[in-house]
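This is what each chain is made of:
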Amino acid sequence: MEKKLYYAAIVGTGRIGFSLGFDKKREQPASHTMALLNNKRIKLIAAADSNEENLENWRKYVKKHNGKKDFTLVFPTSKELYENVTCLDIITVAVNEDNHLEECLKAIEYKPKLVILEKPVALNSEEAEKIRAKAVEFGVPVMVNHERRFAKDYLSVVSLIDKIGDIQSVTGELDSGLRIYGSEFEKDGTYSLLHDGTHLVDILQYILGKSESNEQSVVTPVLTNPLVSGIHKDEKGIVRNFSAHYQSIATRFGTIPEVTFKMSGRSKFFEFRLEILGTLGKIVVGNGIFEFYLRKESKLYTGFYSLTKQKLKLPKKTGYFSGMVQNAVDFLDGQSELVSPLEDAIADLKVLEEIKAKF
C-alpha cells in the first residue's frame, strides 16, 4: 500500500527556514525547507514571509526542486497563506523569536495535524504557556526543533554511559562572542542564554532526564534550583560569563553529585560541548567533537591507571535535521511519540529563567 503524503507549509524563509541549506560547511539538510523537501513523505507546497527577496528566492528554489508539476504558492503573510491553502497537515514556524507567539498561535488555529516550531518556544515561559493552552484548546500537537535530540552522536552517548562507571559529574559548556543576557534584549530575544542556551539545557535534560515507566515514556526535567556563580558583566552591565551548578541530581543513571552549565559571551570562537565524567572513563561530545576515554594501565606511573582515548566508528552524518522531520512523519503515521514535545521545551525555558533571576 502506498503511504500517504503529508502536505506542509513554512512560515519564515530566512536563515533557519531556508538559507542555511546552502552552507557548504554544515551537515545538510541544515534548514527546515531542505529537511522537508528531502523527506519523500512530505510535499512542501507553500510559504509565507514578509521579506520579498527571501520569499522569491525560496519560491525559485522549491519550484526547481519540485519540477514541472510544481504548484508551490507564496504569500506575504501567514494569514493569507491560511486563507488560500486548506489542505495542510504540517505547518513549520521558523520566524524570529519575537514573532513565535503570534505565528505559532495562528498556525495552531489553522488546526493542522502537527506544528513544528523552531526553538526556543517563545521569548519567555509566560508566552510559551499561551502556546501550550492554545495547542490544548485546538488539539494540535507541537514539536520544537531541539535538533540535538535527533543527532546520532548525542544519541550514542546514552549507549556508552554504562561503560564509564558511576557518573561523577556532567559539564555543559557554550562559548561564543554573543552577549549572554541584558534586560534590554528581552523584547526580541537576541541574547545567547535564550538563543543558544536553550540547546545546551535541552540536551542536558534530554540525556540525563529521569525516564518514567508509562506508555508515553516521559522524561522528567532534572535541572532545578541552581547555584549561579562566576557572573561577569561588561562595562554596560551586560552578562558575559556565568556558571550554574546543580547538586545531587536524580537522573536516569542514578544520582549525579554535580551538574554544571557554563556559558561565555566574550570568546573569540564558538564551542558547544558536554563532558560526562565517570569512575571508569569519560565521554566528550559537541560540535565537531566526539571522544570516548576508558581507564587503562598507565604508561607514565607504575601502579596507576590513566584515561586512554578509544577508537570509535561514528556515522558520517548525524541526521540531526532530517531525523527531526522523520520523527514528525512517524508521529503522524502513529508509529512514534514526538521526541521533542512542547512540554519539554517549556521546561527548558523555565531552567533558563531560574538562572536569569540570579543575574
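All of the points below concern the structure found in this document.

Points about the overall build of the protein
Phase 1 of the analysis: Across its full length, the protein carries 10 helices and 16 strands.
Phase 2 of the analysis: For a compact globule of 359 residues, the expected C-alpha radius of gyration is about 21 Å, and the protein comes in at 21 Å, within 12% of that figure.
Phase 3 of the analysis: Residue burial in the protein is summarised as follows: out of 359 residues, 53% are buried.
Phase 4 of the analysis: Within the protein, contacts between residues at least 6 apart in sequence are counted, and of these 67% link residues at least 24 apart.
Phase 5 of the analysis: For the protein, the exposed area adds up to about 17,700 Å²; of that, 49% sits on carbon and sulfur atoms.

Things to note about the packing of aromatic side chains
Phase 1 of the analysis: Going through the model one piece at a time under the given rule, you end up with 10 aromatic pairs.
Phase 2 of the analysis: For the pair Tyr301 and Phe304, a centre-to-centre distance of 6.0 Å together with 65 degrees between the ring planes defines the contact as edge-to-face. Note on accessibility: Tyr301 and Phe304 belong to one class, exposed.
Phase 3 of the analysis: Ring centres 5.8 Å apart and planes at 55 degrees place the aromatic pair Tyr320 and Phe321 in the tilted group. Summarising the burial analysis for this pair, Tyr320 and Phe321 share the class buried.
Phase 4 of the analysis: In textbook terms, an aromatic cluster arises when at least three aromatic residues are bridged by ring pairs, as seen for Tyr181, Tyr191, Phe242, Phe261 and Phe359.
Phase 5 of the analysis: Above the face of the Phe272 ring, Arg148 is positioned so that its terminal group lies 3.7 Å from the ring centre.

Quick look at helix α10 (residues 342–356)
Phase 1 of the analysis: Between the first and last C-alpha of α10 there are 21 Å, a value that for 15 residues agrees with the 21 Å anticipated at 1.5 Å per step.
Phase 2 of the analysis: In terms of burial, α10 is largely enclosed, as 11 of its 15 residues are buried.
Phase 3 of the analysis: Listed as buried for α10 are Leu342, Asp344, Ala345, Ile346, Ala347, Asp348, Leu349, Val351, Leu352, Ile355 and Lys356.

Regarding the pattern of salt bridges
Phase 1 of the analysis: On inspection of all chains with the given rule, the structure shows 20 salt bridges.
Phase 2 of the analysis: Linking Glu56 and Arg59 is a salt bridge whose minimum nitrogen-to-oxygen distance equals 2.8 Å. With a gap of 3 residues between them, Glu56 and Arg59 both fall in helix α2 (residues 52–66), about one helical turn apart.
Phase 3 of the analysis: A residue is classified by how much of its surface remains accessible, and Glu56, at 29% relative accessible area, is partly exposed.
Phase 4 of the analysis: With a relative accessible area of 24%, Arg59 lands in the partly exposed category.

Regarding the sheet that holds strand β2 (residues 42–48)
Phase 1 of the analysis: The strand order β3-β2-β1-β4-β5-β6 describes an open sheet built from 6 strands, whose pairing is parallel. Each edge of the open sheet carries a strand with a single partner, namely β3 (73–75) and β6 (142–145). Averaged over all adjacent pairs, the angle separating strand axes in this sheet is 25 degrees, with direction ignored.
Phase 2 of the analysis: Bridging between strand β1 (residues 6–11) and strand β4 (residues 90–93) involves 4 bridges; their strand directions are parallel. Bridged to Ala9 within β4 is Ile91.
Phase 3 of the analysis: Against the sheet, α2 touches β1, β2 and β3, its axis set at about 160 degrees to β2.

Considerations on the sheet that holds strand β10 (residues 227–233)
Phase 1 of the analysis: Strand order across the open sheet formed by 8 strands is β10-β11-β12-β7-β13-β14-β15-β16, with mixed pairing between neighbours. Of all the strands in the sheet, the pair left with one neighbour each is β10 and β16 (305–309). Averaged over neighbouring strand pairs, the angle between their axes works out to 15 degrees when direction is ignored.
Phase 2 of the analysis: The pairing of strand β11 (residues 239–251) with strand β12 (residues 254–264) spans 10 bridges and is classified as antiparallel. Bridge assignment links Ser243 to a residue of β12, and that residue is Lys262.

Calculation notes
Residues numbered from 1 in each chain as written. Predicted model: local features only at pLDDT ≥ 70, side-chain atom pairs only at ≥ 80, totals over all residues. Heavy atoms only, no water. Helix = DSSP H or I, 4+ residues; strand = E, 2+ residues; numbered from the N terminus. Rg over C-alpha atoms; globule rule 2.2 N^0.38 Å. Buried < 20%, exposed > 50% of the residue type's maximum accessible area, 1.4 Å probe, protein only. Contact = heavy atoms within 4.5 Å. Areas by Shrake-Rupley, 256 points an atom, 1.4 Å probe, with all protein chains shown as cover. Phe/Tyr/Trp six-rings, centres within 6.5 Å; stacked < 30°, edge-to-face > 60°. Lys NZ or Arg CZ within 6 Å of the ring centre and 35° of its normal. Expected span 1.5 Å × (residues − 1). Salt bridge = Lys/Arg side-chain N within 4 Å of Asp/Glu carboxyl O. Pairing = 2+ DSSP bridges. Axes fitted to C-alpha atoms, helices over the stretch in contact; angles between N-to-C directions.

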